[in-house]
Amino acid sequence: MTTQPPALLIAGHGTRDEAGAEAFRDFVKELGRRHPELPVAGGFIELSPPPLGEAVTELVERGVRRFAAVPLMLVSAGHAKGDIPAALAREKERHPGVTYTYGRPLGPHPALLRVLERRLDEALGDTAREDVTVLLVGRGSTDPDANAEVCKAARLLWEGRGYAGVETAFVSLAAPDVPSGLDRCARLGARRIVVLPYFLFTGILPERVRRQTEEWAAAHPETEVRSADVIGPEPELLDLVMERYAEAVAGDLRMNCDSCVYRIALPGFEDKVGLPQQPHFHPDDDGHGHGHGHHHGGHTHSHAH
């Protein structure tokens, strides 16, 4: 008798954009189609149905007792570091006997860099790379470690690919914003800029990046500016999620804790060291309001429960 492998739970951020939420749900369905040997379910931390707790219940009702949770997120910000682990701890209390391991976020990974390079090629057409400055735009976070990961992705994207430069900007919560990032590119002498959204799927924030790019370009006709597309449900992304799943199942996890605000006193964030993690209650989660169900204990980057 063969042992059933742990199920796969995909944890998404959530978006008010229905097309973005549907892209996530379609992605989860495609993973299930590709891996019929695995029970696969997915849910969101906030803003979109289904909530993560509903996805866990779905797996439990299918007889699942063990699962590996993979955050469908590019960087390890507050959701990946705190909200999802706390929500999973809450689900463990709701479903006694269930065990899980927790995987790490997706980027920056060579497979994703290849997709980003492809998106740039699509936007560039016949334009030579050495004439182009790329502005990689991340979501933005109050977590400096998460913002630093976007800068790392930008550097890795620049290495060996022949672009004039790769700069970074953020669409919310962090500086520089998109117009400031474009200003910086122009001050550095860029004549052609491609704005590349560092997002998995379409949504309100990637659309905001595109709109702000168009507004800046209209005010700076001397600079050629193009917008590239989001990463999207590419085969590389599907394969990478399964790689993160395999890591979580095998216990081969290499999360970077060196610059985590919950472990290290970073300037301006000293008050976060050792903070306990709060579950982020999903507005669609029946019977739960924000601020309940405190998950006791400091932030440990623990993965197996």
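Just so we're clear, the structure is a prediction, and the values are computed from it rather than from any experiment.

Draft legend 1. Layout of the side chain of E236. For E236, the position within the fold is in helix α8 (residues 235–250). Side chain to side chain, E236 and R118 meet in a polar contact 2.8 Å long. In contact with E236, not counting residues within four places along its chain, are A111, R114, V115 and R118.

Draft legend 2. Seen up close, unusual backbone geometry. The residue after P49, namely P50, is reached through a cis peptide bond having omega 0°. Tracing the backbone through its elements, the reader meets P50 in the loop between β2 (40–44) and α2 (52–61). For the bond running from A175 to P176, omega is 0°, close enough to zero to count as cis. With respect to the secondary-structure elements, P176 resides in the loop between β6 (165–170) and α6 (178–187). Phi is positive for L47, which is not a glycine, with a value near 75°. Locating L47 in the fold gives a position in the loop between β2 and α2. Take L47: its relative accessible area is 30%, and that puts it in the partly exposed class. Backbone geometry places L173, a non-glycine residue, at a positive phi of 70°. Positionally, L173 belongs in the loop between β6 and α6.

Conventions we followed
- Residues numbered from 1 in each chain as written.
- Predicted model: local features only at pLDDT ≥ 70, side-chain atom pairs only at ≥ 80, totals over all residues.
- Heavy atoms only, no water.
- Helix = DSSP H or I, 4+ residues; strand = E, 2+ residues; numbered from the N terminus.
- Polar contact = N/O pair within 3.5 Å; in protein donor to acceptor, adjacent residues only side chain to side chain.
- Contact = heavy atoms within 4.5 Å.
- Buried < 20%, exposed > 50% of the residue type's maximum accessible area, 1.4 Å probe, protein only.

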